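# Coordinate inspection notes
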Amino acid sequence: MSASPSDSLDRALKQYFGYDRFRPGQQGIIQASLQNQDQLVIMPTGGGKSLCFQLPALLRPGVTVVVSPLIALMQDQVDSLQANGLGATFLNSTLKGLEARDRIQAVRQGNIKLLYVAPERLLSEHFLEFLNQLRSQPGLSGFAIDEAHCVSEWGHDFRPEYRQLSRLRQYHPDVPVTALTATATDRVRQDIIQQLSLKRPQVHIASFYRPNLAYEVRPKGRDSYQQIYQLVRQGGAGIIYCLSRRQVDELADKLRQDGIEALPYHAGMSDADRSNNQTRFIRDDVQVMVATIAFGMGINKPDVRFVIHYDLPKTLESYYQETGRAGRDGEPAQCILFLSYGDASKVEWIISQKADEQEQRIARQQLRQVIDYADSTECRPSILLRYFGETLGEPCQTCDNCRNPKPVEDWTVEAMKFLSCVARCRERFGVTHIIDVLRGSKKQKIKQYRHDRLSTYGIGKDRTVDQWRALARTLKHRGFVDETDDGYPVLKLNALSWEIMRQQRKVEVALPRTVSAFEGDRRSPLAVEAEALMFQLRALRKQIANERSAAPYTIFPDSTLRLMAQQRPQTLAEFGQLSGRLNPTTYGPATAANLGGVWATLGCGAL
Ligand code: ADP
Ligand code: ZN
């Protein structure tokens, strides 16, 4: 009996990449590729897009040309493929003439299955001619356009040179195109199909749910630095995002003073410094990158264990993309947002300085969505996915709101006081003024409007300003009061407000948590002994990586190290059976000798 097509794909996956099973979506995409279909592949970061064009390229005759916007990314992918003994190379502007000629020769001779190029290079006359020659020998099996959202002006990373890619279609109408992106918005997706002239493309939209990411929001306060320090001390690589360059530098300095290997990354640094810091991060020479949002686009580091936002992200979409850089290897990772309403007011002020009114409105709405997310008591991934038009069937059970719901208190009486104060002030004032009246403030503005004579003046002294603000936010979110904008925000009563004042409706407020929901959560559930082994294996991996000037994850992913620690393979054959990129011919003897040493020190027998 002959094996089914999916059996043989499974075998190819194990043979070339060492993985035991496909991630969701991969198999269907690869099958469609093998039938020469045009495709648009939308998968979240870490979903495993690369494999979707790499495996078909290895299985088809001829060479697949991969267009990728970032040189570092190209280099990483090619390194990883080569480490597995697979025929891959790249051509870009960093190569010297001779080197480029050698590579071109290798492609011509059919030794290369994946040829990576930068878009500007691809469309030079020279290269177009080269592509023409490839058609007859060894054959052109497909184009893969990575980070395809770069063709769209609606995306967050438009690159004019990507626009030219439509010409590929004119020259090679019959060569199938696979476009890949993690972009979540429909407009960009439509734009990609159009700009790249995809022909009746199969569109694969993978779920954007990333079950290995544990989302959490913490109030930002005096002890936030201490909390961050504790998180970092748990080990694993991480990114901390701040808004300003100054904050980035300060936080990186402070962490370094406390003995943490941390480096800054922001637009104020030279290109060389930035790229140097980035490489050191990828190679695990430093543990933490403190960065402005300029960092991380297209960074291929699968073993980032935490992403901390020390400041508010600009939009919920950018928050999702930035946190998506954690845990691309599928292992548990933490995504923590530190929320401060003071920060939110600062952002509001910056927005109010924008000249364009339309821009202001959009920015306000985006800020509002971020705050709503942070304030919510709902399952975090459910909120994020809803933003992208996806519904999460069940709550995730790993986010802070699922694991440790905020305590809820009945604040109906306070809500009645607040709303009647809005009414007494004739619906002409904003939150700050209403709270001032309730708390009996002596501000000039109160006297000027004679609001110290209102019956609601001073009836709310028993609650703090922060507590009243929390109530006001809840009332606004739930639509129990409206806020209009007449140059400044003004509270207006609506039908629901009156229901509350008539005691027909209850108001519950979620109070901030006092204890953090997580502690030591990132640690995998390994026995203490296996933890110790993991530690040694990491060090060994770093040593092998250094010898090859490579990033540790290209040697073995964390998940494979964990399997090694748990299963302790005793023979090369057992070793080769572990899931992960294991190629005994490349890693075999050297690794075996080294591993033998590790096993021996731990008294576990020789390999
Ligand atoms: P993306 O480009 O979608 O962000 P990558 O292609 O970089 O994601 O893949 C993310 C990580 O997942 C990589 O480390 C990759 O080796 C790993 N990976 C991909 N497919 C599989 C699979 N089927 N099984 C296990 N790991 C996989
Ligand atoms: Zn949840």
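Residues numbered from 1 in each chain as written. Chains lettered and ligands numbered in written order. Predicted model: local features only at pLDDT ≥ 70, side-chain atom pairs only at ≥ 80, totals over all residues. Heavy atoms only, no water.

## Looking at the coordination of the zinc ion (ligand 2)
Geometry reference: four tetrahedral donors at a metal, ideal angle 109.5 degrees. Six octahedral donors, ideal angles 90 or 180 degrees. Taken together, Cys-379 (SG), Cys-396 (SG), Cys-399 (SG) and Cys-402 (SG) make up the protein donors of the zinc ion (ligand 2), found 2.3 to 2.5 Å from the metal. For the zinc ion (ligand 2), the 4 donor atoms in the first shell make angles of 103 to 121° at the metal, so the coordination geometry reads as tetrahedral. Taken in sequence order, the residues that donate to the zinc ion (ligand 2) follow the motif C-x16-C-x2-C-x2-C. Here Cys-379, found in the loop between helix H16 (357-375) and helix H17 (380-387), pairs with Cys-396, found in the loop between H17 and helix H18 (400-403); they are 17 residues apart in sequence, far enough to count as distant. Here Cys-396 falls in the buried class, since its relative accessible area comes to 10%. (Donors = N, O, S within 2.8 Å, 3.2 Å for Na, K, Ca; no water. Tetrahedral: all angles 85-135°; square planar, octahedral: opposite > 155°, others 65-115°. Helix = DSSP H or I, 4+ residues; strand = E, 2+ residues; numbered from the N terminus. Buried < 20%, exposed > 50% of the residue type's maximum accessible area, 1.4 Å probe, protein only.)

## Observations concerning the sheet that holds strand S5 (residues 140-145)
Taking strand neighbours across the sheet as the criterion, the 7 strands line up as S3-S4-S2-S5-S6-S1-S7 in an open arrangement whose pairing is parallel. The two strands at the open ends of the sheet, each matched to only one other strand, are strand S3 (88-91) and strand S7 (202-205). Ignoring which end each strand starts from, the neighbouring axes of this sheet average 20° apart. Bridge analysis of strand S1 (residues 39-42) against strand S6 (residues 177-181) gives 4 bridges, and the strand direction is parallel. Looking at the pairing, Leu-40 lines up with Ala-179 of S6. Strands S1, S6 and S7 of the sheet are contacted by helix H2 (residues 26-34), whose axis makes an angle of about 165° with S1. Helix H4 (residues 71-83) rests against S3 and strand S4 (114-117) of the sheet, and its axis sits at about 155° to S3. (Pairing = 2+ DSSP bridges. Axes fitted to C-alpha atoms, helices over the stretch in contact; angles between N-to-C directions. Contact = heavy atoms within 4.5 Å.)

## Some words on the site of ligand 1
Neighbouring ligand 1 are 16 residues; Tyr-19, Gly-46, Lys-49, Ser-50 and Arg-328 lie closest to it. At a separation of 3.0 Å, a nitrogen atom of ligand 1 approaches a polar side-chain atom of Gln-26. A distance of 2.8 Å is found between an oxygen atom of ligand 1 and a side-chain nitrogen or oxygen belonging to Arg-328. In the complex, 86% of the free accessible area of ligand 1, which totals 570 Å², lies under the protein chains. The residue makeup of the shell around ligand 1, split by class, is 4 nonpolar, 7 polar and 5 charged. Each of domain 1 (5-205) and domain 2 (213-403) gives at least three residues to the shell around ligand 1. (Near = heavy atom within 4 Å. Polar contact = N/O pair within 3.5 Å; in protein donor to acceptor, adjacent residues only side chain to side chain. Areas by Shrake-Rupley, 256 points an atom, 1.4 Å probe, with all protein chains shown as cover. Nonpolar A, V, L, I, M, F, W, Y, C, P; charged D, E, K, R; others polar. Domains from an automatic or database assignment.)

## A closer look at the pattern of salt bridges
Within the structure shown, the criterion is met by 29 salt bridges. When the shortest N-O distance is used, the salt bridge between Glu-250 and Arg-246 registers 3.1 Å. One end of the pair, Glu-250, and the other, Arg-246, are both in helix H12 (residues 245-257), 4 residues apart, so they sit about a helical turn from each other. Across the pair Lys-301 and Asp-284 runs a salt bridge, and its minimum N-O distance is 2.7 Å. Note that Lys-301 is positioned in the loop between strand S11 (288-291) and strand S12 (304-309) and Asp-284 in the loop between helix H13 (271-282) and S11, a separation of 17 residues in sequence. (Salt bridge = Lys/Arg side-chain N within 4 Å of Asp/Glu carboxyl O.)

## Remarks on the sheet that holds S11
Across the sheet, which stays open at both edges, the 6 strands sit in the order S8-S13-S12-S9-S11-S10 with parallel pairing between neighbours. Looking at which strands have only one partner, the edges of the open sheet turn out to be strand S8 (213-219) and strand S10 (262-265). The average angle at which neighbouring strand axes cross in this sheet is 15°, direction not considered. Bridging between S8 and strand S13 (residues 333-339) involves 7 bridges; their strand directions are parallel. Paired with Pro-219 across the bridge in S13 is Leu-339.

## Section: the domain arrangement of the chain
Taken domain by domain, the chain consists of domain 1 (5-205), domain 2 (213-403), domain 3 (408-510) and domain 4 (525-601). When each unit is reduced to the centre of its C-alpha atoms, the spacing between domain 2 and domain 3 is 33 Å. Facing 6 residues of domain 2, the contacting portion of domain 3 comprises 5 residues. Here domain 2 meets domain 3 over a buried area of about 460 Å², counting both sides, of which 50% is carbon and sulfur. Of all residues in domain 2, the largest losses of buried area upon contact with domain 3 belong to Tyr-341, Arg-368 and Asp-375, amounting jointly to 60% of the total for that side. At the junction of domain 2 with domain 3, the criterion picks out 1 salt bridge. For Asp-375, the salt bridge is made with Arg-473, and the minimal N-O distance between the two is 3.2 Å. (Buried area = accessible area lost by both parts, 1.4 Å probe.)

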